[in-house]
2 protein chains.
Amino acid sequence: MTKNVEELKKDYADLLIRSGLNLRKGQRLAISCPVECADFARLCAEAAYEAGCREVIMSWNDDALTRLKYLHAEDDVFDSVNPWEKDFRDIVSEEGAGWLAIYAEDPENLRGVDPDRISRAQKAHGKAMEKFRQREMRSEFPWCVCSVPTDAWAKAVFPDMDKEDAKACLWEEILAACRVDGGDAVQNWKDHSDELQRHVQILNEYNFKELRYKNSAGTDVTVGLPEGHFWAGGEENGADGRPFSANIPTEEVFTLPKRDSINGTIVATRPLAHNGTLIEGFSFEVKDGKITDVHAEKGEQILRDAISVDEGASYFGEVALVPYDSPISNSGILFMNTLFDENASCHFAFGEAYPNIYGAENMSEEELKERGANFSMTHVDFMVGSSDMTITGITHDGEEVPVFVNGNFAF
Amino acid sequence: MTKNVEELKKDYADLLIRSGLNLRKGQRLAISCPVECADFARLCAEAAYEAGCREVIMSWNDDALTRLKYLHAEDDVFDSVNPWEKDFRDIVSEEGAGWLAIYAEDPENLRGVDPDRISRAQKAHGKAMEKFRQREMRSEFPWCVCSVPTDAWAKAVFPDMDKEDAKACLWEEILAACRVDGGDAVQNWKDHSDELQRHVQILNEYNFKELRYKNSAGTDVTVGLPEGHFWAGGEENGADGRPFSANIPTEEVFTLPKRDSINGTIVATRPLAHNGTLIEGFSFEVKDGKITDVHAEKGEQILRDAISVDEGASYFGEVALVPYDSPISNSGILFMNTLFDENASCHFAFGEAYPNIYGAENMSEEELKERGANFSMTHVDFMVGSSDMTITGITHDGEEVPVFVNGNFAF
C-alpha cells in the first residue's frame, strides 16, 4: 500500500522535526514560514508537539508584502530592523530553541527593486542578527532549512505548467530529494547521511593542504585549506552534542577555505537567486582569497552589493563537494532555490565561514581568524560544478590525489 | 457599470485605511491578520502605501496553530507572553502607528480546550498588553476592527453551504454592512457616520441620569450614567484631533455606565463567541454595578472565568444602543463574531470602560474612577437587544423620556 502525497508531506514534516532538528522534549521550536505555506507549518507543529515540544513560535513572512515594502515604504526604513524582530531571534537562539526555516522565496520577487534598498536592508539585517547568526554558524542551537512549493516558486521552476500541476511536480521532486518515499523516512535519511560520512572520513584522512579546481566552464582555481580543518556532511553535532541535519535535502560535504589562500578564476554554472533577484552568468577573479573582479550577465549590481556588505563578504567561507550525478542534479531541474541548486553542484560560499576547525568551540574569534576562518554578516552559496569538473587534492607531503574526475568523486 | 467583488474588496480595504484609520502620510501601519486572509492584508497594505504609509508591519495569527498550542504545549507557557510580542505592541502604540485588526476567528476554535489554560492566557495577555490597551481605549492611536471571511467562520455562519459559497455569501454581507456598494464608499461611510451623530447629539442633549431597560427576554435593569458622560458613535476624534472609525461596520452609539449604579437582570439575546468558545443562553444578576450571579446554558465556565480575570471584569464598561431594525440585524444572520453581532443589537460590555467623559484626557485614573469609570484588563461586548426592547431615559430633573420603543429609537 503506497502513501498518498498528503501522507508523504506528514512524513517530511516528521523527518524535519526528528532528523532535521532532533527536537528534544521541553525544547521550543521557532518556525519561519511564508504565510502561503501555513498548511505545512501546521504539520511541522503537530510533529513537534508529538515529540514533546514546549511551544511552537511562528515567524511568518510574505513575498507580496515584502515586495510592496521595497517598492513603496519610506526610504530610511531599510537602514534598521524593528527591535522586536531582533529580540525574537536573540531570545530563541540564546535559549537553544530549534529553528526550522521553511524557505520558499519567489526567486524573482524583488525584480526591479532599487538595489540600494536591498543592499542597505541586508546590511541592517546582518548587523541586527549578528548574535543569532554566530550561534547558528557554531551550531549552538539545532537548525534546519527545508523548502515547500509556493505558487510563484513552482511556476518559476515549471513555467509551462499550470499552477496546481507545477506545485504537484515540485512536491514530487522535493520529497524524492529528501528520500521521503513512503518507507521509513528517518531511516532513509540516516542511511543517506552515513553515505555522506564515508566521503567525509576519506577527505579528513587525506587532510589536504589545497584543492585545485578546473573545468571547461572556465573555473581554474587553487583553494587552500586551514590547518586543523575538517570536512562535514549530513548529520552534524550541535554544541550540546546532539546530532542534527541543518539542510534537508543535502548532498554536500563541506569545509572552510583558508581566507587568504584562494587564487584564480571561479565561474558559476547555475544562476543564483539572491535577495529576490536572479543573478546569471557570473564569475569571480580571486587573488589571495579576495574577490578582485566580478562579472555577471544579469544582476551584476546585486552581486557587487552582496560582496560589499562588509570586508568579509568579498572573501570565502565555504567549499562544498557535490557529485554531478547526485539525485537533485540528475533531475535536470533548475530550482532557482539555493537549498536545491547547491545540492546539485559543487559550490563555494562567499562570506562567513562555518568554523570547521578541530577545537573551534574553545577558540576566540581572533584565534579562528589566525587559522584562516573568514568572518562576515553574510554567507551566500553559489554553484560551480559541471560534468567535466576535475578537482585535485594536494597533501601536505605534496602528493596529488584525484578528488573529482568528470564531475564525480574519484573515490 | 457595476464593480465585481474583487473591486469591492479593494474599496473596502481603501475605506479601512482612509475612513477607519484616516492614516496620515509618514505614519506606520500595523495589521493583525489571520494568515488565511493574507490576500486582503495585501490589499490593505497597497491602500496604505498609496496613502503615504511609512511602513506596513504585520502581526500574523493562525487559528489552527493557536488550537494546537492550547492542546499540546507545556502548561506554564500560558502564564506569560513572549517579550517580543509585548514590545511590538508597546512600540507601535507609543509611536501612534495605525492599528488595523482583521478579526476573523473561528467562533469555536478552542472548543474542548482546558478552560484554565484559556483563563490564564487571557490574564497574562491582559497584563502584558496593559499599556497598549490603555492607549487604545484613550484613542491615542487610530485603530480599526474589520472582518473578512475565513473558511471556518463562513462555514459556522452558513453551515449548509459549501465552503466557497459560504465565503462568497459572507463577503456579500460584510460589504453590504460596510456600505461598500460600488459607489463612493468613503462618502457612504461619512453619510452613515453623520446619521449616527444625529442620535449622539440628541442623547447628549438629554444628558440622562439613568436608563431603564425592559424586554420579554427577561432583561429588567437600571443603568446609571456618570456625571459629564457623553455618547459617541461612528467617527471619533483621536487624541491628536484626527477623526477615525474604530469599527467598520458599526451601528452603535455608546457611552460608559456609572460603575456602581447598575441594578437588575440582564439577559443576553445572542450567543457570544469569546476566546474561541461559543457561550449561549446566558444572563447576569447585577447589584450596585457588580455581577453577582451568572447563568449560561453553554460555556458557563468560560463566562465565569471571563468575568473573573480581575476585579473590574465583573463590572461594566460600555452601554451601546443599536436599533433592532439596523441593516445587520435585518439580515437575520447570526454572525458569531462580535463586530457584527454587537452591531445588530443593543449591548453592554463588562470590563474596561471607554473614558467617554468630557475632559477625560486631563484626568488621572483616580479621577476617572471617582466619576464612575471602570478599569479592567478585559472588555467583552455581549448582546441584549430584541424586537420588544423598551429603554426609558431618566433626566436629572426626573423626567422620563422614551429612548427605545419596540426595539428601535423613539426619536
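Before reading further, recall that the structure is shown in the block above.
Anyway, here's the lowdown on the structure attached to this text.

With that out of the way, let us pick up the overall build of chain A. Assigned secondary structure in chain A consists of 13 helices and 20 strands. Relative to the compact-globule value of 22 Å for 411 residues, chain A shows a C-alpha radius of gyration of 20 Å, a close match. Once the C-alpha set of chain A is aligned to its principal axes, its extents read approximately 55 × 55 × 50 Å. Counting all 411 residues of chain A, 58% fall into the buried class. The contacts of chain A with a sequence gap of at least 6 include a subset with a gap of at least 24, amounting to 76%. In the structure as shown, chain A presents an accessible area of about 16200 Å², 44% of it carried by carbon and sulfur atoms.

A few words now on the environment of A:Phe132. All names here are of chain A. Note on placement: Phe132 falls in helix 6 (residues 130-137). Since its relative accessible area comes to 4%, Phe132 is described here as buried. Spatially, the C-alpha atom of Phe132 lies 21 Å from that of Ile248, the residues being 116 residues apart in sequence. Not counting chain neighbours up to four residues away, the residues in contact with Phe132 comprise Arg89, Asp90, Ser93, Trp99 and Phe141.

What follows covers the nonpolar core. Counting 245 residues, the largest nonpolar core has A:Tyr12 and B:Tyr12 as the members making the most contacts within it. Setting aside its immediate chain neighbours within four residues, A:Tyr12 contacts A:Phe40, A:Cys146, A:Ser147, A:Val148, A:Trp171, A:Ile174, A:Leu175, A:Cys178, A:Val180 and A:Ile248.

Right, let's talk about the interface of chain A and chain B for a bit. At the interface, 33 residues of chain A touch 33 residues of chain B. Interface of chain A and chain B: buried area, both sides summed, is about 2900 Å²; carbon and sulfur atoms make up 65% of it. At the surface where chain A touches chain B, the tally comes to eight salt bridges. Across the pair A:Asp76 and B:Arg54 runs a salt bridge, and its minimum N-O distance is 2.8 Å. Counting across the chain A and chain B interface gives 12 residue pairs in polar contact (both at pLDDT 80 or more). Tallied by class, the residues present in the side of chain A that touches chain B amount to 19 nonpolar, four polar and 10 charged.

Further remarks concern the side chain of A:Gln27. Of note, A:Gln27 is situated in the loop between helix 1 (5-20) and strand 1 (29-34). The exposure class of A:Gln27 is buried, given its relative accessible area of 5%.

Before going further, it helps to examine the state of the cysteines. For the structure on display, the rule yields zero disulfides over all chains. Here A:Cys44 is not disulfide-linked; the sulfur of A:Cys146 is the nearest cysteine sulfur, at 5.9 Å.

In this section: the side chain of B:Gln27. At 2.8 Å, the side chain of B:Gln27 and the backbone oxygen of B:Gly96 are in polar contact. Discounting residues that sit within four places of it in the chain, B:Gln27 has contacts with B:Cys53, B:Arg54, B:Glu55, B:Gly96, B:Ala97, B:Gly98 and B:Pro142.

The next point concerns the layout of surface pockets. Considering only enclosed or pocket space, the second largest pocket measures out at about 1300 Å³ in volume. For the second largest pocket, the lining is made up of 39 residues, of which A:Glu36, B:Val35, B:Glu36, B:Asp39 and B:Lys167 are closest to its centre. Those elements giving two or more residues to the lining of the second largest pocket turn out to be helix 1, helix 2 (38-50) and helix 8 (163-177) of chain A together with helix 1 (5-20), helix 2 (38-50) and helix 8 (163-177) of chain B. Split into classes, the residues belonging to the lining of the second largest pocket amount to 18 nonpolar, one polar and 20 charged.

Superposing chain A onto chain B takes a rotation of 180° combined with a translation of 0.0 Å along the rotation axis, leaving an RMSD of 0.0 Å. In short, the pair behaves as if placed about a two-fold rotation axis. Comparing contact sets, 100% of the residues at the interface of chain A also lie at the interface in chain B, consistent with an isologous, same-surface contact.

Residues and elements named next belong to chain B. Pairing within the open sheet is antiparallel, and its five strands lie in the order 7-10-15-16-17. Bordering the open sheet on either side are strand 7 (232-233) and strand 17 (379-383), each of which pairs with just one other strand. When strand 16 (residues 347-351) meets strand 17, the two strands line up antiparallel, connected through five bridges. Paired with Phe350 across the two strands is Val380, which belongs to strand 17.

Quick look at the pattern of salt bridges now. Here the structure, examined in full by the defined rule, presents 61 salt bridges over all chains. The closest approach of N and O atoms between A:Arg120 and A:Asp79, which form a salt bridge, is 2.9 Å. In this pair, A:Arg120 is assigned in helix 5 (residues 115-128) and A:Asp79 in the loop between helix 3 (63-72) and helix 4 (83-95), connecting sequence segments 41 residues apart. When its relative accessible area of 16% is taken as the criterion, A:Arg120 is described as buried. With a shortest N-O distance of 2.8 Å, B:Lys86 and B:Asp90 are connected by a salt bridge. With a gap of four residues between them, B:Lys86 and B:Asp90 both fall in helix 4 (residues 83-95), about one helical turn apart. Its relative accessible area of 10% is what places B:Asp90 among the buried residues. One continuous salt-bridge network, built from bridges that share partners, spans A:Asp75, A:Asp79, A:Asp116, A:Arg117 and A:Arg120.

Rules of the game
- Residues numbered from 1 in each chain as written.
- Chains lettered and ligands numbered in written order.
- Predicted model: local features only at pLDDT ≥ 70, side-chain atom pairs only at ≥ 80, totals over all residues.
- Heavy atoms only, no water.
- Helix = DSSP H or I, 4+ residues; strand = E, 2+ residues; numbered from the N terminus.
- Rg over C-alpha atoms; globule rule 2.2 N^0.38 Å.
- Buried < 20%, exposed > 50% of the residue type's maximum accessible area, 1.4 Å probe, protein only.
- Contact = heavy atoms within 4.5 Å.
- Areas by Shrake-Rupley, 256 points an atom, 1.4 Å probe, with all protein chains shown as cover.
- Core = buried A, V, L, I, M, F, W, Y, C linked by side-chain atoms within 4.5 Å.
- Buried area = accessible area lost by both parts, 1.4 Å probe.
- Salt bridge = Lys/Arg side-chain N within 4 Å of Asp/Glu carboxyl O.
- Polar contact = N/O pair within 3.5 Å; in protein donor to acceptor, adjacent residues only side chain to side chain.
- Nonpolar A, V, L, I, M, F, W, Y, C, P; charged D, E, K, R; others polar.
- Disulfide = S-S within 2.5 Å.
- 1 Å grid on protein atoms, 1.4 Å probe; cavity = no way out; pocket = protein on both sides within 12 Å on 5 of 7 lines; lining within 4 Å.
- Points joined across faces, edges and corners; volume = space filled by probe spheres on them.
- Least-squares fit on C-alpha atoms with pLDDT ≥ 70 in both.
- Pairing = 2+ DSSP bridges.

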